Amino acid sequence: MPKKKSDIIIKMEDVGMEIDGSVASESEGESRREGFACFFEPVLTGICVSVVLYLVVVPSEDSRRTSRGNLKPKPSPAPGRNNQIKRTPTNRSHRRSNEDDSEGYEEEEAPRKTKVNKKKPPKTQDSDEESEVDQSKRTKNGRRVNKQQKEDQNNKDKAREDMKGKGKDKAKVIENGKESKKRNKDTSSSSSSSEDSGEDSMSEGEMTRLKEEVEEKKKLISTLRNKPWRMRRRLECLKDAQQFVEKFEGALGKGKGRKLYAFKVMMTKKWIKFNRDFENFKTACIPWERKIKEVESHFGSSVASYFLFLRWMYGMNLVLFGFVFGLVVIPEVLMGLPYGSIPRKTVPRDEQAKAMDFSVLFEFGGYCKYSFLFYGYYNNQRTIGLLQFRLPLSYLLVGVGSFGYSLMVVIRTMAKNSNEGGDGAEEGDFTFAWKMFTSWDYLIGNSETADNKFASITTSFKESIVDEQENQKDENIHLRRFLRVLANLLILCSLGGSGYLIYYVVKRSQTYANMDEDELSWFEKNEVEFVMSLLGLVCPPLFETIAELEEYHPRIALKWQLGRIFALFLGNLYTFLFALFDEVNAKLEREETIKNATIWAMKEHYSNFSELNNSTAITPLSINPADVMRGPCWETAVGIEFMKLTVSDIQVTYLTILFGDFLRALAVRFLNYCWCWDLEAGFPSYAEFDISGNVLGLIFNQGMIWMGAFYAPGLVGLNVLRLLTSMYFQCWAVMTCNVPHERVFKASKSNNFYMGLLLLILFLSMLPVVYTIMTLPPSFDCGPFSGKQKMYDVIIETIDKDLPAFLGTLFTYAANPGLIIPAVLLMVLAIYYLNSVSKAYKHANNELRKKMQMQRDEEKNRRNNKDSTNQVMKDLEDLLPKKSPISASAKENAEVRSELGDKPSKVSQKPGAVATGRGVNLQRDVSLAMANPRMAVTRPPGPRGPSALPGNTLQVPGGRGRGRGQNPRR
Amino acid sequence: MDYTNNPDVKLPLALIINMPELKENPFRNRIVESFSEDGLGNISFNDFVDMFSVLSETAPRELKAIYAFKIYDFNTDNFICKEDLEKTLNKLTREELTPEEVNLVCEKAIEEADMDGDNKLCFTDFENMISRAPDFLSTFHIRI
């Protein structure tokens, strides 16, 4: 931009049309300046001020010349309009020099070079038109300059340019000052003569400079759109630069690779677009993202975290489902024996009458019981089908593998979550500011989305406000501690009480179990379940009430609540398990007798057969599979128990939502028209979404699935269905009948707490399953392991029969305790080591965080000059006899200087310099010039203030800090 | 509209803010105003191109920051002061926060970002803050 202007000026003066030229350049400069000012007013004004002041400070032309080495723009001595025009280039270079001080000099030099270079073309054209009158003078001048240039021939471009620049400067000054025509011509000729001399050395140095120039222009073209200018100005600039490049590129043999460049640009654009589309596609592939976002925007991230958890759970269960169905169920259904072929796949005769009744099917009896849903259906054939699929082995491996997979996934997710910013540790230096300025997504063009976005922004602000209020709360620590201890005591008491109650009830139920069924009332039969559900109903609200004593942040309160209810439910779970084990043991006993009976019957048959037929060829007994005597098959019974439990859990959950939330909301909404008090604001109100209850429900349900999946492969499928429906159902329910929490709070970034609970449940549910696999004998007449002593025998069998012998020996070695114990020891050591390493990292992390915080505070304090928190400074100030204005200003002065020492660029760039920063800019100029005090000392050093402050000693004997820069004006 | 003969056509604010890209934006008035040369929201073609060039995906962060500052500076005094913040906040939340909450948020925002202690945000403060914001680039752009 500035280059063009100067170009114009030179042309004009060469042709001798100074008046028009000056007018044109003036108007152009003005308009440009206007645009500039609009865009970058703060910076510009600040710099303008500094430039003006600088000009004022500079006393004579000589000193100005000496100041060329400074980072200062070269000022022109003549005041007025001309100054304004010329400031445009200087401003720009100045701004750039702020960006990179080291380059400041070259940057400043650039426009000057341009001037020199640009004179060339006009010179060649216009020199002929030069008036002959000035010929003599011109040659004279030219000779002088020529001489000098010969002296400086050896790469002393700077000096030469200085000369030229000076001459040109003068020329411009004179021209714009509207001096007499003759003199004007004189100077112009002098400048053109200097160009003459430049022409002499055009060969190499000029050539390279021209190349640089073209390069710079090209750079300008490519970065033009990054400049904060008005479009018109950009267009002008672009046109200029393009013309320049076009003009000189041919001469310099440039311009190749243009196509390549265009191609590159096109490709990058395509690539960006592709990436964007791909991102969109990826986002579109995430299921329920919009649903969850919608919930989040209205109910906050804490409620959304439940749904995220649900979705995660769904994903995991889908994989489990894939394993179980792909490797167990489908092979059995496709390749195994069909229904009705063998006893275990047939409904017994006495059950057949009712086998299709809904009530029976609903209890998973009848056809359900003898279907692929349960363990008992699977055959113990070693291989099935054409593929020689080893079903029993696959069954065992899938059962164990699903635990392995779940463990891996849970732990990996936990690790990933803890990597992602940890728990609640936000690096939020700018929480509110960022929320304020970056939360609106400018891409939103859909009104529905916009509504959601508004809601979500409001919610997120509310969340942050709650956090902030929690931080600001100053509290009576002792009272709070006391209350918290009290609350924990109360909760422990109620937990202990409920534990005892469960124990008591279970004991009683065991005595009832020994009694005759008919003597027991309905209540006595269902006592355990009744007490359990009562506890589950009463305890959570009780805990919540007690938790109010503690006044934790809602997020932490939620964790406590979760932990407490979890403890309560654990009792529930384990009672159920113990009851189940009792049942299994009873079944095992019964099975033993039946097994003996069948063996006895078989022997009878054989003996009878051989006795009757007198032949050794025994034909097997041919009975209808439905009539075969069979054992109780405890595995299927366990599977059915879990199935029933899951189904009843689903029922309870959905009915609670339907009645507890939906009907309540309906009643509140519509009865409100004819009720004595305000139902919506008053007592019943709408329900809040119960995060803790829902999360725990989900976790315990998953525990049931893990425990039961081994005995009922169909359970996984059922669970997938359940999660799927509950996603839709709960999303709908929460949006229609719930209200946001009173204090919407932010969920912790990683929902590792949920994951931790899940891991615990996974472990707890793994124990009984592994125990049964390892110790209990499988049923003799049902399931894939029938006929074996232990379930894991199937692995040993495979190793023996299918794998090469050396692998078998390898396994025996690996199973050697001598090898296992060192391995375990090694692992423990590794865990210990890694743990200590991670602790050290955490420590270092915290230290660094502290340091950063401190640095930030320090910086802030340094900038908050007036009310500095530096206690020493304050004390010193208090020690002063009087707060004399001098000391105050001196202090400010000192601070300003220290500030400048640190971040000069910031200060000078500060757009606010107009209003408050005037003094700051002043100080800057002066302090920069301090090495070379150029101003005339106009008065003797004034009386110093008491030099209690370090800043005072730095004070220049020039008087008050503020106005010092203006002194020379007087 | 005869654009060929009279290229200096300006569209009024009311027309521009109804384009689908801006229709839902709570700051649409400010956007148009700060890109218009007269500051009143009358947009010429150049201004229009300007606007979408700055709001395009490829515009650099510094440029975006400058214009974001202009947009959020409601009273165009080159500072984002508390009034501006309140206006921003009320537009963002559709005035659903209580005055105390608004006050709290504005004070916190200033406290966080104000580095020179003048209780308002100058451009340096703003740039310093916005340059570290993770979402700024992804949210401050419009595709047309």
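Just above, that's the structure.
First things first, this report covers the structure right here in the doc. (Residues numbered from 1 in each chain as written. Chains lettered and ligands numbered in written order. Predicted model: local features only at pLDDT ≥ 70, side-chain atom pairs only at ≥ 80, totals over all residues. Heavy atoms only, no water.)

Here the focus is the overall build of chain B. The number of helices and strands found in chain B is nine helices and two strands. If you list the helices and strands of chain B from N to C, you get β-α-α-α-β-α-α-α-α-α-α. Taken across its 144 residues, chain B has 55% of its residues classed as buried. Partitioning the intrachain contacts of chain B with sequence separation of at least 6 by distance along the chain shows that 54% fall at a separation of at least 24. Of the roughly 6200 Å² that chain B leaves accessible, carbon and sulfur atoms contribute 50%. (Helix = DSSP H or I, 4+ residues; strand = E, 2+ residues; numbered from the N terminus. Buried < 20%, exposed > 50% of the residue type's maximum accessible area, 1.4 Å probe, protein only. Contact = heavy atoms within 4.5 Å. Areas by Shrake-Rupley, 256 points an atom, 1.4 Å probe, with all protein chains shown as cover.)

All names here are of chain A. In total, this model carries 48 aromatic pairs over all chains according to the counting rule given. Summarising the aromatic geometry, the rings of phenylalanine 309 and tyrosine 754 are spaced 5.2 Å apart at their centres and angled 55° between planes, so their arrangement reads as tilted. Of the two residues, phenylalanine 309 sits in helix α12 (residues 289-335) while tyrosine 754 sits in helix α26 (residues 752-775), which places them 445 residues apart along the sequence. What makes phenylalanine 309 buried here is its relative accessible area of 0%. Classification of tyrosine 754 as buried rests on a relative accessible area of 5%. (Phe/Tyr/Trp six-rings, centres within 6.5 Å; stacked < 30°, edge-to-face > 60°.)

Residue and element names in this part refer to chain A. Applying the stated criterion to the full structure yields one disulfide over all chains. Paired by a disulfide, cysteine 633 and cysteine 782 hold their sulfur atoms 1.8 Å apart. The chirality of the disulfide connecting cysteine 633 with cysteine 782 is right-handed, given an S-S dihedral of about 95°. Of this pair, cysteine 633 sits in the loop between α22 (554-613) and α23 (634-671) while cysteine 782 sits in the loop between α26 and α27 (793-801); the two residues are 149 residues apart in sequence, bridging distant segments of the chain. Using a relative accessible area of 8% as the deciding quantity, one classes cysteine 633 as buried. Taking relative accessible area as the criterion, cysteine 782 reaches 5% and is therefore assigned buried. Cysteine 674 provides the cysteine sulfur closest to cysteine 676, a residue in no disulfide bond, and the two sulfurs are 9.3 Å apart. (Disulfide = S-S within 2.5 Å.)

With that settled, consider helix α6 (residues 82-93) of chain B. The periodicity of an α-helix, 3.6 residues per turn, causes residues three or four positions apart to be oriented the same way. Its twelve residues give α6(B) an end-to-end C-alpha distance of 16 Å, which sits within 8% of 16 Å, the value for a rise of 1.5 Å per residue. Taken together, the buried positions of α6(B) are occupied by Asp84(B), Leu85(B), Thr88(B), Leu89(B), Leu92(B) and Thr93(B). Taken around the axis of α6(B), the buried residues stretch over an arc of 145°, which confines them to a single face. Residues of α6(B) that are buried sit in contact with α17 (431-438) and α18 (447-472) of chain A together with α5 (61-72) and α7 (99-113) of chain B. Following α6(B) by one or two positions, Arg94(B) has its phi on the positive side, about 55°. (Expected span 1.5 Å × (residues − 1). Arc of directions from axis to C-beta.)

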